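# Commentary on secondary and tertiary structure
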Amino acid sequence: AALYQEAIADFERAVRYKPDLLEARLERADIYYRRDNLDAALIDYNVVLEESPGDAEALAARALVHYW
(Lines give C-alpha, C1' and ligand atoms only; values in the text may rest on other atoms or scores of the structure.)
Protein backbone atom coordinates (compact mmCIF):
# COMPACT_ATOMS: atom_id res chain seq x y z
CA ALA A 1 0.00 0.00 0.00
CA ALA A 2 2.84 2.40 0.77
CA LEU A 3 4.36 1.93 -2.67
CA TYR A 4 1.02 2.74 -4.30
CA GLN A 5 0.88 5.97 -2.30
CA GLU A 6 4.42 6.86 -3.33
CA ALA A 7 3.60 6.19 -6.97
CA ILE A 8 0.46 8.32 -6.80
CA ALA A 9 2.45 11.15 -5.20
CA ASP A 10 5.08 10.96 -7.95
CA PHE A 11 2.44 10.99 -10.68
CA GLU A 12 0.71 13.93 -9.00
CA ARG A 13 3.98 15.87 -9.02
CA ALA A 14 4.53 14.99 -12.68
CA VAL A 15 1.03 16.20 -13.59
CA ARG A 16 1.49 19.39 -11.56
CA TYR A 17 4.74 20.21 -13.41
CA LYS A 18 3.46 19.14 -16.82
CA PRO A 19 -0.37 18.98 -16.91
CA ASP A 20 -0.41 17.72 -20.49
CA LEU A 21 1.64 14.61 -19.62
CA LEU A 22 -1.10 12.13 -20.40
CA GLU A 23 1.04 9.10 -19.59
CA ALA A 24 1.28 10.21 -15.97
CA ARG A 25 -2.49 10.70 -15.76
CA LEU A 26 -3.11 7.31 -17.33
CA GLU A 27 -0.76 5.51 -14.95
CA ARG A 28 -2.19 7.36 -11.95
CA ALA A 29 -5.70 6.39 -13.07
CA ASP A 30 -4.62 2.76 -13.27
CA ILE A 31 -3.37 2.89 -9.70
CA TYR A 32 -6.57 4.56 -8.53
CA TYR A 33 -8.53 1.80 -10.26
CA ARG A 34 -6.48 -0.94 -8.58
CA ARG A 35 -7.01 0.76 -5.21
CA ASP A 36 -10.79 0.91 -5.80
CA ASN A 37 -10.84 4.70 -6.02
CA LEU A 38 -13.07 4.61 -9.08
CA ASP A 39 -14.13 8.27 -8.93
CA ALA A 40 -10.52 9.47 -9.07
CA ALA A 41 -9.68 6.97 -11.82
CA LEU A 42 -12.63 8.17 -13.88
CA ILE A 43 -11.51 11.78 -13.60
CA ASP A 44 -8.04 10.96 -14.93
CA TYR A 45 -9.34 8.70 -17.70
CA ASN A 46 -11.71 11.46 -18.79
CA VAL A 47 -8.90 14.03 -18.91
CA VAL A 48 -6.82 11.67 -21.04
CA LEU A 49 -9.74 11.09 -23.38
CA GLU A 50 -10.49 14.81 -23.67
CA GLU A 51 -6.95 15.36 -24.93
CA SER A 52 -6.64 12.11 -26.88
CA PRO A 53 -10.14 10.83 -27.80
CA GLY A 54 -8.83 7.80 -29.67
CA ASP A 55 -6.68 6.43 -26.85
CA ALA A 56 -7.80 2.80 -26.87
CA GLU A 57 -6.16 1.99 -23.52
CA ALA A 58 -7.96 4.86 -21.78
CA LEU A 59 -11.26 3.96 -23.45
CA ALA A 60 -11.04 0.34 -22.35
CA ALA A 61 -9.99 1.29 -18.83
CA ARG A 62 -12.79 3.83 -18.50
CA ALA A 63 -15.25 1.18 -19.67
CA LEU A 64 -14.07 -1.08 -16.83
CA VAL A 65 -14.57 1.75 -14.32
CA HIS A 66 -18.11 2.26 -15.59
CA TYR A 67 -18.70 -1.49 -15.43
CA TRP A 68 -17.65 -1.72 -11.77
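The notes below deal with the structure included here. Predicted, not measured: the structure shown is a model, and the values here were computed from it.

Residues lying three or four places apart along an α-helix face the same way, a consequence of the helix completing one turn every 3.6 residues. Helix length check: helix 3 (residues 38-51), at 14 residues, gives a terminal C-alpha distance of 20 Å against a target of 20 Å (1.5 Å per residue), a fit within 8%. Within helix 3 the residues assigned to the buried category are Ala 40, Ala 41, Asp 44, Tyr 45, Val 48 and Leu 49. Buried-residue contacts for helix 3 involve helix 2 (22-34) and helix 4 (56-67).

Turning next to the packing of aromatic side chains. Tallying each qualifying case throughout the model produces one aromatic pair. Taking 4.9 Å as the distance between ring centres and 80° as the angle between the ring planes, the aromatic pair formed by Tyr 67 and Trp 68 counts as edge-to-face. Judged by relative accessible area, Tyr 67 falls into the exposed class, the value being 61%. Above the plane of the ring of Tyr 17 lies Arg 16, whose end atom (NZ or CZ) is 5.7 Å from the centre.

This part is about the nonpolar core. Counting 14 residues, the largest nonpolar core has Leu 26, Tyr 32, Ala 41, Tyr 45, Val 48 and Ala 58 as the members making the most contacts within it. Those elements giving two or more residues to this core turn out to be helix 2, helix 3 and helix 4. Dropping the residues within four chain positions of it, Tyr 45 is found in contact with Leu 26, Ala 29, Asp 30, Tyr 33, Ala 58, Ala 61, Arg 62 and Val 65.

Rules and cut-offs
Residues numbered from 1 in each chain as written. Predicted model: local features only at pLDDT ≥ 70, side-chain atom pairs only at ≥ 80, totals over all residues. Heavy atoms only, no water. Helix = DSSP H or I, 4+ residues; strand = E, 2+ residues; numbered from the N terminus. Expected span 1.5 Å × (residues − 1). Buried < 20%, exposed > 50% of the residue type's maximum accessible area, 1.4 Å probe, protein only. Contact = heavy atoms within 4.5 Å. Phe/Tyr/Trp six-rings, centres within 6.5 Å; stacked < 30°, edge-to-face > 60°. Lys NZ or Arg CZ within 6 Å of the ring centre and 35° of its normal. Core = buried A, V, L, I, M, F, W, Y, C linked by side-chain atoms within 4.5 Å.

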